[in-house]
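Observations on the three-dimensional arrangement
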Amino acid sequence: MGLPMARRLLDAGHPLTVWNRTAAKADGLVAAGAVRATGPAEAVADADVVVTMLADPAAALAVADAMIPALRPGTHWIDTSTVGPDTVRALAARLPEGVTLIDAPVMGSVDRAATGELLVLAGGDTGPVAEVLELLGSVTACGGPGTGAALKLVLINAAIGGVALVAESLTLADALGLPRELALRTLAAGPLAGAVGRATATGSHFPVALAAKDVDLATRAAELPVLAAVHAALTRDPALAGEDLAALAR
């Protein structure tokens, strides 16, 4: 996700310094004109705006440990990771005076990131970074710090649950001897149309392991028995961990 998002900023003419925990993943950006940093502190040392896209709370907190001491007063940090409001609060509590954090997780996969069509869910004061956020997609102002992270959990868990429901509906159709194409076509004509589209998508890449992480964040925040069952389905087969979420329906 970070690669197409960073390319949008680079293509818009912003000077860009990049760092990735897997160094080779930044090669394409460096070839296109970005500067490669050797670590998080070097990446942010001269930045007015910092954008992070990390896999989970542990990664976000670890990178923050290395990055935060190098942030200058007046820097705006946009975290687009899906880490939940508790982690956003923990990150904000570590900030030096004069540095602001905007939690801005996104809805959409790599295809929409590449075209600047993500749904950006922003918590906090977005005014100083509006131009950057708008390059990534349409921005929904959610309220104070942490509200973007909270709404992301609501929306992404509805999407994941929808895909899981489509997958089970197809299993039921198969058990009843119905053709898969018939089941998909008629499901897509009803309220599950969006879930069917995501369950059959081929241009997206949202690994099952990350979906499981997002459901785990939700079930830690509230008692959600349906999503608890979805989490069990997502983690049942380790071979699916790196596959796109649509693998559930296959």
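Refer to the structure printed above.
Everything numeric in this text was worked out from a predicted model, so none of it was measured.

Once that is clear, we can look at the pairing of strand β4 (residues 76-79). Side chains H76 and I78 of β4 all project onto a buried face; the interleaved residues W77 and D79 project onto the opposite face, where all are buried too. Relative to β4, strand β3 (residues 49-52) runs parallel, the two sharing four bridges. The partner of T52 across the bridge, within β4, is D79. Considered for its hand, the β-α-β crossover made up of β3, helix α4 (residues 57-67) and β4 is right-handed. Taken together, the four bridges between β4 and strand β5 (residues 100-103) define a ladder with parallel strand orientation. Looking across to β5, one finds that I78 is bridged to I102. Once the chain exits β4 it traverses helix α5 (residues 84-93) before rejoining the sheet at β5, and the crossover so formed is right-handed.

Moving on to the pairing of strand β7 (residues 118-123). For β7, a buried count of five out of six residues is recorded, marking the element as mostly surrounded by other parts of the structure. Here strand β6 (residues 106-107) runs beside β7; their pairing, made up of two bridges, is antiparallel. Bridge pairing in β7 links V106 to V120. Both β7 and strand β8 (residues 137-143) contribute to a ladder of six bridges, which runs parallel.

The rules we used
Starting afresh in each chain, residues are numbered from 1 along the sequence in its written order. In keeping with the model being predicted, local features are shown solely for residues with a pLDDT of at least 70 and side-chain atom pairs are shown and tallied solely at 80 or more, while totals for entire chains, interfaces and linings include all residues. With hydrogens and water excluded, all non-hydrogen atoms of the structure serve as input to the side-chain values. Type-normalised accessible area, obtained with a 1.4 Å probe on protein chains alone, sets the label of each residue: buried when under 20%, exposed when over 50%, and partly exposed for intermediate values. A run of DSSP states H or I qualifies as a helix once it reaches four residues; a run of E qualifies as a strand once it reaches two. Both are numbered from the N-terminal end. Strand pairing is assigned whenever DSSP identifies at least 2 bridges connecting the two strands. A clockwise course of the path from the first strand over the helix to the second, judged with the strands pointing away from the viewer, identifies a crossover as right-handed.

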